[in-house]
Amino acid sequence: MLRVTCFLLLSLVSSIALSQTPAAKRPLKHADYEIWNTATAMTLSPDGKWLAYNRLPGEGDGAVIVKSLTGPTEYVIPRGGRTGGATAERPEGEPSAVPAASAAPVGSLAGSPQFTPDGKKVLFPVMPTKAEQERAKADKKEARTVLAVMNLATGQIGERLVKLKAYSVVEKTNFLLLHEEPKTTDVTGVGAVIGGFGFIPRPGAITPTTPSAGTTPNATPGGRNRQRPGGGTPNPATTPPPSTTPRLPIGTNLTVRNLADSKEHTFTDVLDYQVTRDGKTLLLTKVSRDAADNGLFAVELGSSSLKPVLTGKGKYTRQVWDAKQSRLAFFFEEPAPEAKPEDKKPTPRPKVYSWDRSSKAPAVELLNAATPGLKAGTMIVERGGLRFTDDGLKLVLATAKIPEEKKDAPTTPPAQATPTNEKVDLDLWHWKDDQIQPMQKIRGDNERTRTHSAAYFFDTKQFRQLSDENITVGVPDFGDWSTASNDKPYRHLIGYGATLADHSLVNVRTGETKPLLKAHEGIVAASPKGNYRVLFDGKDWVSYAVPSRTKANLTAKMPVKFFNETFDMPMKPSSYGFADWTPDEKFLLVSDRFDIWKVAPDGSSCENLTKIGREQNVRFDIARFPNPDEEPDRGVDLSKPLLLNATNLVTKDSGFYWLEPGGKPKLLLMAGRDYGRPVKARHADTLLFTSSTFADYPDYYATDSTFHDVRRVTDINPRKKEFVWGKSELVAYKSLDGTELSGILVKPENFDPTKKYPMIVYIYERLTDNLHQFRLPSAGTSINPTFYASNGYLVFMPDIAYTVGSPGQSALKCVLPAIQAVVDKGCVNEQAIGIQGHSWGGYQIAYLVTQTNRFKAAASGAPVSDMVSAYGGIRWGTGLPREFQYERTQSRIGATLWQAPMKFIENSPIFMADRVQTPLMILHNDQDDAVPWYQGIEYYLALRRLGKECYLFNYNGELHGLRKKATQRDYTLRMQQFFDHHLKGAPAPEWMAKGIPFSERDKEKEQWKDLFKPSR
């Protein structure tokens, strides 16, 4: 069904609304979590006149929205809801504040809408609604996604194309490409395939592809293996052993339609395709039942004459073009011979080919298994991909160790298999291991598939392997000098020391090396053309000329600091962002806390480009518009005007400035809001960006480069007006050490200054940068400020500044005066203050309740209660030892256990558990992959023995944070019940009064299910 909203209809609706009394807003309930929409695949038309996107709710059907940006017209086309990642297992997240134009592959049937170049039509995939799926199921049919072609002038859908795998609008040459989905029976054992072996596609399955300029789409259809005709299990006595030769999907029809005259031509047996960036040449991979027709072909769009690039049966993959789109490179792998299960599987040995686009000759072979320079025991591998350097002189590829050839697993266990009770399972933790055993286990697959860089030089036809197990060498886009890094001498430090490496300059052609840095921590970045290396040493920016290695400190004599001045961990501080370059490499751009500086790479000059940032407490950053059709980004052109993002570090207001060459920043827009990154229409001065506050969803706004007329163009969550929301403000305070700080206070939308409210404090580290962040109501691991404000709470999120060696006391010295600053406003019920936090926040809460009785209830998620035992623990998700957290990062002790044992004890809540008088909820799951869950058990057992009110929640199988929707909902509900009881005087639920016996735990949860049924 199509709905057209026009001016007269809007006027009528507005008149009716004005004559009615608005319905009273109500507080949010747990049943409201799934009613909220998100916008995906946000797409601007090239002429900037139209906007198209998907509007998807948490559950149920969504819609495709096509909206005019020059008038009131809006088309709403019903479509099915979320698929794939939107499962009950995914963690709830916040809406992105950035336009989601890249949220899905452009052109795939699961991707973004596409406008025709003339601006008259838009194409978009429409998934079947729930009702359509149910009807199809009843009729024993399959509900399919269709490609809709809409006339923008009338809103009529003129075509509904089915059975498509992918589509693409080629704007520069005005063509439409329509690629049919494969059929179940379209398989071959001898053809070519892109993207992998052994898949037999299921009809109707949609695999995203990316047939955009200069890239190779992954066109391997997904799906399940087909059942044997007639079903059942094969009889091994009568069924011959299957061949191990892969069964491969064959190609399907690719129709090329000229959008100017609607003429079409169809190419058969196309498995994969891509279009050059100039929109003129179409590259096809063909896979036919007749292997003689297989190959890689090029055709000029508008023509039907195929030009062979390389033909014959085999596997063609990873097609890439150079920057000028004049030379193509790809892998070719000959099919393996027929093999029996008992035979060893041969290791694939792909060859590399190159093809000149202007040539009439076929592709030439560049590399194979016998290429000179390929080290013994190694091979060229397809999984590392191919890439041309920007100078077009080098082709970057990867090598790896030749794996041991394996046989298929036997269908029956060997007669002499070792009995289970005689098998020895042993992990030896050796003191000289580079990595401890858990790290080796987790990283094992990565190590087995690890690749090493190599390069082919077109001018000399030379091949060189560059990296190996210890040394990593990049391939420079210009010139021959690269940087080699070797971390081998320092790998044993992983888990407690700095991440160090030795760096050298290396000539990728000759192998000549020049030592540059020893035991360096951090990134060594190359300038765009490779003439300099730049690094940040924790205090200043430093450059090295290449290949002379002449060193220059670029910022030591400047009057401002370039390291993060609020960084308070016991390690080298970070810089304010990364360095950028001008295209000619005459200057690099670096930032202090406020301004952007232009610095000569030899240190001879510097200039403050933005000039006014420090005096106005505004931080500037360069805003860039993504443009997929441009050449690779080579830097910031200072001869052109620049759009700047701006943030006031005191008020947290944000906006945009315009910087003309040689001038001062000119204010365009600044307000108490968060603004997303602008996206520009390809051929018009139309910008699209999001704008949000705590109370305003990040809807999209349109304007031009002057920002004079800013118009809201979406209403993604109209139901928000039905509910009581919250509003945020900053509260300033000083820590007990005298540090000036601030916090976010969230009040109910209907806040009454004469009332006193219960308040929940949420802590982590510094949170005030999120002042204007919109938060959809959702269940999760921590409190949702929107939900609690809607239900009559104040929510306070204070910043915390730390002193190394005293993380617990630092939290105490910041949180208590922060609370007092809010209390002094006269709106807080001091007998009803709670606190909640998770992970690092959970630790601080576990500590705070041993030091103060300010809180009437506390919820601590995944806390460290004993730094002594936690110091010697493992982060099981990564396999890393936990020492680094205390010595160098977040836990901020700044020393080893044996150097400062009392610091570990003084900051450990477990040693002061007898002081706790605050009722405490502890969340610690038995599969926590960051904090060992025995930390929660230790604290619980101590409090339980001491007769303190405490509750330990262990959601079986859950990780550090709750992932399953069901457990998120359960914990969110119980946390609200806990706080409502202690802070609002609500009756205690039975689980608080009596506990939940293990034998009744499944039955106990049934009573809460109806609370989460979505409201309508």
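Refer to the structure printed above.
These numbers were taken from a predicted model, which means no experiment stands behind them.

Criteria and thresholds
Residues numbered from 1 in each chain as written. Predicted model: local features only at pLDDT ≥ 70, side-chain atom pairs only at ≥ 80, totals over all residues. Heavy atoms only, no water. Helix = DSSP H or I, 4+ residues; strand = E, 2+ residues; numbered from the N terminus. Contact = heavy atoms within 4.5 Å. Expected span 1.5 Å × (residues − 1). Buried < 20%, exposed > 50% of the residue type's maximum accessible area, 1.4 Å probe, protein only. Arc of directions from axis to C-beta. Pairing = 2+ DSSP bridges. Axes fitted to C-alpha atoms, helices over the stretch in contact; angles between N-to-C directions. Core = buried A, V, L, I, M, F, W, Y, C linked by side-chain atoms within 4.5 Å. Polar contact = N/O pair within 3.5 Å; in protein donor to acceptor, adjacent residues only side chain to side chain. Parallel < 35°, antiparallel > 145°, perpendicular 65-115°, else oblique. Nonpolar A, V, L, I, M, F, W, Y, C, P; charged D, E, K, R; others polar.

Asker: Help me understand the overall build of the chain, please; the structure alone is not making it clear to me.
Answerer: Summing up its helical and strand segments, the chain has 15 helices and 58 strands in all. Of the contacts made within the chain by residues no fewer than 6 positions apart, 59% connect residues no fewer than 24 positions apart.

Asker: What's the story with helix H12 (residues 934-945) in this structure? I'm lost.
Answerer: An α-helical turn contains 3.6 residues, so a residue and the one three or four places further along point in the same direction. Taking 1.5 Å of rise per residue, 12 residues should cover 16 Å, and H12 covers 16 Å from first to last C-alpha, within 8% of that figure. Turning to H12, its buried residues are Gln 935, Gly 936, Tyr 939, Ala 942 and Leu 943. Seen along its axis, H12 keeps its buried residues to an arc of 135 degrees; they face one direction. What points out from H12, more than 90 degrees from its buried face, is the exposed set Arg 944 and Arg 945. Elements that come into contact with the buried residues of H12 comprise helix H8 (840-848), helix H9 (867-871), strand E57 (920-923) and strand E58 (950-953). A positive backbone phi angle near 75 degrees is found at Gly 947, which sits one or two residues after H12.

Asker: What is the right way to look at the sheet that holds strand E42 (residues 654-659) in this model?
Answerer: Hydrogen bonds between backbone atoms are what pair the strands of a sheet, whose relative direction is either parallel or antiparallel. The strand order across the open sheet formed by four strands is E40-E41-E42-E43, and the pairing between neighbours is antiparallel. What marks the edges here is a single partner per strand, and that holds for strand E40 (618-623) and strand E43 (666-671). Strand-to-strand twist across the sheet, computed as the mean angle between neighbouring axes with direction ignored, equals 25 degrees. Of the pairings in the sheet, the one linking E42 to E43 comprises five bridges and is antiparallel in character. Bridge pairing links Tyr 657 to Leu 667 in E43.

Asker: Is there a simple way to think about the nonpolar core in this case?
Answerer: The biggest cluster of nonpolar side chains holds 60 residues, and the ones touching the most others in it are Tyr 788, Tyr 971 and Phe 979. Here this core takes six residues from helix H13 (residues 965-984), the largest share from any one element. Excluding its chain neighbours within four sequence positions, the residues that come into contact with Tyr 788 are Ile 760, Ile 783, Tyr 793, Val 795, Met 975, Gln 976 and Phe 979. Membership of the second largest hydrophobic core comes to 55 residues, among which are Val 761, Phe 796, Phe 904 and Cys 950.

Asker: Would you explain the sheet that holds strand E17 (residues 295-300) in this entry?
Answerer: What the seven strands build is an open sheet, ordered E10-E11-E14-E15-E16-E17-E18; its pairing is antiparallel. For this open sheet the edge positions go to strand E10 (164-170) and strand E18 (307-311), each flanked by a neighbour on one side alone. The mean inter-strand angle of the sheet, taken between neighbouring strand axes irrespective of direction, is 35 degrees.

Asker: Just to check I follow, could you spell out the side chain of Thr 918 for this structure?
Answerer: By secondary structure assignment, the location of Thr 918 is in the loop between helix H11 (901-906) and E57. There is a polar contact of 3.3 Å between the side chain of Thr 918 and the backbone oxygen of Phe 855. Discounting residues that sit within four places of it in the chain, Thr 918 has contacts with Val 849, Thr 852, Phe 855, Lys 856, Ala 857, Ala 858 and Glu 949.

Asker: How should I be thinking about the environment of Ile 612 in this particular structure?
Answerer: Considering the arrangement of structural elements, one finds Ile 612 in the loop between strand E39 (606-608) and helix H5 (613-616). For Ile 612 and Asp 595, which are 17 residues apart along the polypeptide, the C-alpha to C-alpha distance reads 7.5 Å. Excluding anything up to four places from it in sequence, Ile 612 contacts Asp 595, Phe 620, Tyr 657, Lys 664 and Pro 665.

Asker: Even after reading the chapter, I still don't get the packing of helix H7 (residues 807-823) against H8, so can you show me in this structure?
Answerer: Each packed pair of helices is defined by two parameters, the angle between the axes and the distance between the axes. In the contact formed by H7 and H8, the axes pass within 9 Å of each other and the chain directions differ by 80 degrees. On the basis of their axis angle, the class for H7 and H8 is roughly perpendicular. Between H7 and H8, the contacting residues are Pro 807, Gly 808, Gln 809, Ala 811, Leu 812 and Val 815 on the first element and Trp 840, Tyr 843, Gln 844, Tyr 847 and Leu 848 on the second. Across the contact of H7 with H8, the residue classes break down as eight nonpolar, three polar and no charged.

Keep in mind these numbers describe shape, not what the thing actually does.
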